[in-house]
Amino acid sequence: MDRKKVLVIINPRAGKMSFRNSFYSVIKKISDAGCEVSVHFTTSSGDATNTVFKEADRHDLIVTCGGDGTFNEVLCGLLQSGLSLPIGYIP
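Residues numbered from 1 in each chain as written. Predicted model: local features only at pLDDT ≥ 70, side-chain atom pairs only at ≥ 80, totals over all residues. Heavy atoms only, no water.

Engineer: So what exactly am I meant to see when it comes to the pairing of strand β3 (residues 61-65) here?
Structural biologist: Looking down a regular strand, the side chains alternate between one sheet face and the other. When you tally the buried positions in β3, you get four out of five residues, the bulk of the element. Strand direction decides the pairing type here: strand β1 (residues 5-10) and β3, joined by five bridges, are parallel. By the bridge assignment, V8 is partnered in β3 with V63. Here four bridges tie β3 to strand β4 (residues 87-90), and the two strands are oriented parallel to one another. Across the sheet, C65 pairs through a bridge with I90, a residue of β4. Crossover connection from β3 via helix α3 (residues 68-81) to parallel β4: handedness right-handed. (Buried < 20%, exposed > 50% of the residue type's maximum accessible area, 1.4 Å probe, protein only. Helix = DSSP H or I, 4+ residues; strand = E, 2+ residues; numbered from the N terminus. Pairing = 2+ DSSP bridges. Right-handed = clockwise from strand over helix to strand, strands pointing away.)

Engineer: Just to check I follow, could you spell out helix α1 (residues 23-32) for this structure?
Structural biologist: Within an α-helix, residues lying three or four positions from one another point in the same direction, as the helix has 3.6 residues per turn. Among the residues making up α1, those that are buried are V26, I27 and I30. Buried positions in α1, seen along its axis, are confined to an arc of 95° and lie on one side of it. In α1, those exposed residues whose orientation departs by more than 90 degrees from the buried face are Y24, K29 and D32. Trailing α1 by a residue or two, G34 shows a phi angle of about 95°, which is positive. (Arc of directions from axis to C-beta.)

Engineer: What am I meant to see in the environment of L85 here?
Structural biologist: You can see L85 is positioned in the loop between α3 and β4. Each C-alpha atom, one on L85 and one on A56, is 7.9 Å from the other, the two residues being 29 residues apart in sequence. Among residues more than four places away in sequence, those in contact with L85 are A56, H59, D60, I62 and L78. (Contact = heavy atoms within 4.5 Å.)

Engineer: Any chance you could explain the pattern of salt bridges here in plain terms?
Structural biologist: Once the charged atoms of two side chains with opposite charge are near each other, the side chains can pair. Scanning all chains against the criterion turns up two salt bridges. In this structure, the salt-bridge partner of E55 is R58, at a minimum N-O distance of 2.9 Å. Classification of R58 by relative accessible area gives partly exposed; the value is 45%. (Salt bridge = Lys/Arg side-chain N within 4 Å of Asp/Glu carboxyl O.)

Pasting the structure below:
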């Protein structure tokens, strides 16, 4: 059985950066569920869109951690890719 591949997009500057405290726990839970996890920290505006556009075809699920801007970028990247993948959102 192939492991599901999960792309986690994180905006380290979103909100009060409170996700830093939960990062390990979230990644561990995804991994413990039998998934292969790839993590990408955004570095600039548009980075999440470009990353999802380029990487979506190699993943089964995308999880985004950040604000509504990061979520919007992930949606735009997925729409541009023409693929239909489930998206998880951790605000």
